[in-house]
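Take a look at the letters that make up each chain.
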Protein chains: 2
Amino acid sequence: MDFALALDPHSPTPYYQQIYEALRQAILTGRLSARQRLPSTRALATSLGVSRATVTQSYDQLLSEGYLQTVVGSGTYVCDELPEDLLHSPAPEIASISPSPPVSLSAYGRRLVDFADSPTPEPAAQISFRYGRPALDQFPLALWRQLLVRRCRSGNWLDYATDPMGYWPLREAIAAYLSQARAVHCQPDHILITNGTQQALDLATRVLVSAGDAIALEEPSYLSARRVFTSQGAILHPIPVDELGLDVDKLAQTTAPIRLVYVTPSHQFPTGAVLSLPRRLALLAWAQQTGSLIFEDDYDSEYRYAGRPIPALQGLGLGQSVLYVGTFSKVLFPSLRVGYMVLPPALVPLFRRAKWLSDRQVPGLEQAVLADFIVEGHLERHIRRMRSLYDQRRQALVAALTQHFGCRVTVLGENAGLHVMVRFHTKISEAELIARAARVGVGLISASPQYLGQRPGHEFIFSYTELDENAIVTGIQRLATLSF
Amino acid sequence: MDFALALDPHSPTPYYQQIYEALRQAILTGRLSARQRLPSTRALATSLGVSRATVTQSYDQLLSEGYLQTVVGSGTYVCDELPEDLLHSPAPEIASISPSPPVSLSAYGRRLVDFADSPTPEPAAQISFRYGRPALDQFPLALWRQLLVRRCRSGNWLDYATDPMGYWPLREAIAAYLSQARAVHCQPDHILITNGTQQALDLATRVLVSAGDAIALEEPSYLSARRVFTSQGAILHPIPVDELGLDVDKLAQTTAPIRLVYVTPSHQFPTGAVLSLPRRLALLAWAQQTGSLIFEDDYDSEYRYAGRPIPALQGLGLGQSVLYVGTFSKVLFPSLRVGYMVLPPALVPLFRRAKWLSDRQVPGLEQAVLADFIVEGHLERHIRRMRSLYDQRRQALVAALTQHFGCRVTVLGENAGLHVMVRFHTKISEAELIARAARVGVGLISASPQYLGQRPGHEFIFSYTELDENAIVTGIQRLATLSF
């Protein structure tokens, strides 16, 4: 490996002295650490384009001053312990530059300063009902590997994509899937492949919302979406949610001009409510009248256990006014970082540019393998298998909650998705309940952070995807032993 | 696969009528295309939770009206050709909503409207000297496949990363490489894994520069960087470049407070100039005094063919004031979408949040495989092999240019990188030169778009990475046959 040193051919200082100074500085600043081996004098001389004698002269001086030591037959190393006086010798010139003045930040940067560093801390409990992950141990990894290997036979995916919107066969596969399974009104041209829902939220906010503009969102709602909106300076208008989803009448009463309304109509996050058909039609009509756009986050719509499939809001409105967004994080695995947006056709050129400027494209191999996975029917099979597994786990959870808590608990949103919302009817505080659960090894996730305004408390998000039925039942049994 | 239809249990319209209307709409809007097969009545009934007779009644009506046809023993299909009168029948209620008012865009969105859609159109020539890609046919694909397969034995990379900054072993490997080969002053803690240089540019601009703030950049400079800056409303201050790189005295004379200065010190893009040591020190001192930050884009520093390694600017300043950025796009392959930033320590928390909000993390499998690739010495070997290959190609290019054009050409920046800049001394126009070259099957890439201000003209970027020596020599020979 190269060892880079700054030599100045125009300097009056001879090379051996420059090399000596540069190495000494590297040792004093820690770039070369104790006991690290140096390049041989021959290698360094070749690399720097100087004579070997020059390098030897520099090394000799460093050896004599105690910075370096030689190990016979092995090479030259930085000394284990540098003499005290060397460490207190005047620092090299460049290191003595005064510290920088504080860095100026953008408005966006200044908003980030106030954010908590860890967006969703999770309890490290023996049995954690945390949400957001599928059953990763059920992912068909061997199959994925086969598809990777097959795609690696040719390197035709190594180059930049021809279109920042994404790999065409993947967009075709997603369009066919969404049209069929979700009644989304779309063509592959209108699909943008994103790095998951998070990037879809970020791009939509950037392209559509300036600082000071109004965004309406469900209350409670997905915290990570809210963070994107506030980081970009949007003014948030929380709209209440009831058992039929977003209260569209309340939305229509908002006086501020709403640029974007963020909704989760299939399985409201976190309450699990399904937006009723009359409200869907009212929401679409409102958007048409006001020129607002709807961000439809269909984050877990693949999973439905009772009742009929709920077509996407987007399809009802024939694609007008709606940015429809989905992800493979909850169907396949989160570190894949692939999601998609179905865009109103007029917005396609802008989002293409925004994606290109942001990071050019989603990685090539992942898009190719994912396209194969869908086209060859593996996605459909995997969803079917997971639906059946999650259904069993969901039933075990709901049954255990009912058995042990009876009327002291209300379970919401259990017909779809990857979690239920649980309200405990108790007088002890939410914090106390979480603490007691932790003492018996059960991790509870409060829904409170998802509220922008007043938090009702005692609401918890219970995901059943990562735990098997035994763990679920044991977890609920342990909760039942707590007196609350 | 599910077939989603909107049924309203509270509607006075009976289900069979609702299903009929929904399917008819699906056909008329193209969601169901001609000759597409419908689900069986049994499957649709199960999926919708209605009786089979209900679905049969809906299908029968559509069959009788000519929307559907049955193929005995095969199923029910959308008709090949819909009767003319059906196509002109009144559109379903929902489709008759008036078209939306024009969408409001953010300030960022409005700036994107003016951007050309295709950022870097490239000539589709038989011999194209286009830049930006390594020799993709030389990438060790079989080795990459082996590393993928090995990582697929365990699924420990499937979940979300614990740190949005990136996979720790990859950050360690990059820190060790940069410290050794580029004299970058860094710890793994200060490294952010990005989706390539493009995302590094985007994130840095977002966090540090508000609309109306000043960014200084080399003139000429990398067009894609400039696009990121202008898309976010920055005011650009182009600073001239000469054979010693950026003219730091001119930079220091700028009266506007510069938030960020974008530089390519190792191999100025596109001129190939190397920023001299005195100018490096002056630039660092200027940044320290003014509180400006330096964006050091070290995009092709792995390749150096003559002279000594040029240490990174960042290391000279001990990491103060510099955001050091590199990419694997030009060393491995572009669709990998992996690059890195070395951040001043104080900025780490902000960039961690910005990355998390933008797209959470770089995909897990790619980071793991890349870490293995570096740690096991493959990166070093690949760079060494490519350096030797590119050196031959570079020599062939420079020799052919000299042989055929002599003093009618000036070749710049030939000691490093993946391209040279070529100035033709001719009186015919640049456009005419490009057109004549195209007629003999040679694609020339003008450097003009990289200039913000006056374009000198007749400057071309010649990359030698994708062409073998024969193609290079043939290309230059063909150019020599043109009378200019």
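Predicted model, so just to flag it, every value in this text is computed and none were measured.

J.: Where do I start with the sheet that holds strand E13 (residues 419-424) of chain A in this structure?
T.: Within a beta sheet, neighbouring strands are joined by backbone hydrogen bonds and run either parallel or antiparallel to one another. All names here are of chain A. Read across the open sheet, the 4 strands follow the order E12-E13-E16-E15; overall the sheet is antiparallel. Across the chains shown, the open sheet's two edge strands, defined by having one partner strand only, are strand E12 (409-412) and strand E15 (445-446). Bridge count for E13 against strand E16 (residues 459-463) is 5 bridges, and the pairing is antiparallel. Pairing of Met421 across the sheet is with Ile461, part of E16. Here helix H16 (residues 430-439) sits on the sheet in contact with E13, E15 and E16, set at roughly 35 degrees to E16.

J.: Is there a simple way to explain the domain arrangement of chain A in this structure?
T.: Size of an interface: often given as the accessible area lost when the parts come together. As assigned here, chain A comprises domain 1 (15-86), domain 2 (127-138 + 381-480) and domain 3 (141-378). For domain 1 of chain A and domain 2 of chain A, the distance between their C-alpha centroids amounts to 61 Å.

J.: How do you make sense of the pattern of salt bridges when you look at a structure like this?
T.: Close approach of charged atoms allows side chains with opposite charge to pair. Counted according to the given criterion, the structure contains 40 salt bridges over all chains. The salt bridge partner of A:Asp163 is A:Arg171, with a shortest N-O separation of 3.3 Å. In this structure, A:Asp163 and A:Arg171 share a single accessibility class: buried. For B:Arg130, the salt bridge identified is with B:Glu466, shortest N-O distance 2.7 Å. Within this pair, whereas B:Arg130 is found in the loop between strand E3 (127-128) and helix H6 (141-151), its partner B:Glu466 is found in the loop between strand E16 (459-463) and helix H17 (469-481), the two being separated by 336 residues in sequence. Overlapping salt bridges, with partners in common, bring together A:Arg130, A:Arg133, A:Glu466 and B:Asp159 in one network.

J.: So what exactly am I meant to see when it comes to the sheet that holds strand E6 (residues 235-242) of chain A here?
T.: All names here are of chain A. Strand order in this open sheet of 8 strands is E4-E11-E10-E9-E8-E5-E6-E7, and the pairing throughout is mixed. The open sheet terminates on both sides in strands that have one partner only, identified here as strand E4 (191-194) and strand E7 (245-246). Direction of pairing for strand E10 (residues 322-327) relative to strand E11 (residues 339-342): antiparallel, over a ladder of 4 bridges. Along E11, the bridge assignment pairs Val325 with Met341.

Reading the values: the criteria
- Residues numbered from 1 in each chain as written.
- Chains lettered and ligands numbered in written order.
- Predicted model: local features only at pLDDT ≥ 70, side-chain atom pairs only at ≥ 80, totals over all residues.
- Heavy atoms only, no water.
- Pairing = 2+ DSSP bridges.
- Helix = DSSP H or I, 4+ residues; strand = E, 2+ residues; numbered from the N terminus.
- Contact = heavy atoms within 4.5 Å.
- Axes fitted to C-alpha atoms, helices over the stretch in contact; angles between N-to-C directions.
- Domains from an automatic or database assignment.
- Salt bridge = Lys/Arg side-chain N within 4 Å of Asp/Glu carboxyl O.
- Buried < 20%, exposed > 50% of the residue type's maximum accessible area, 1.4 Å probe, protein only.

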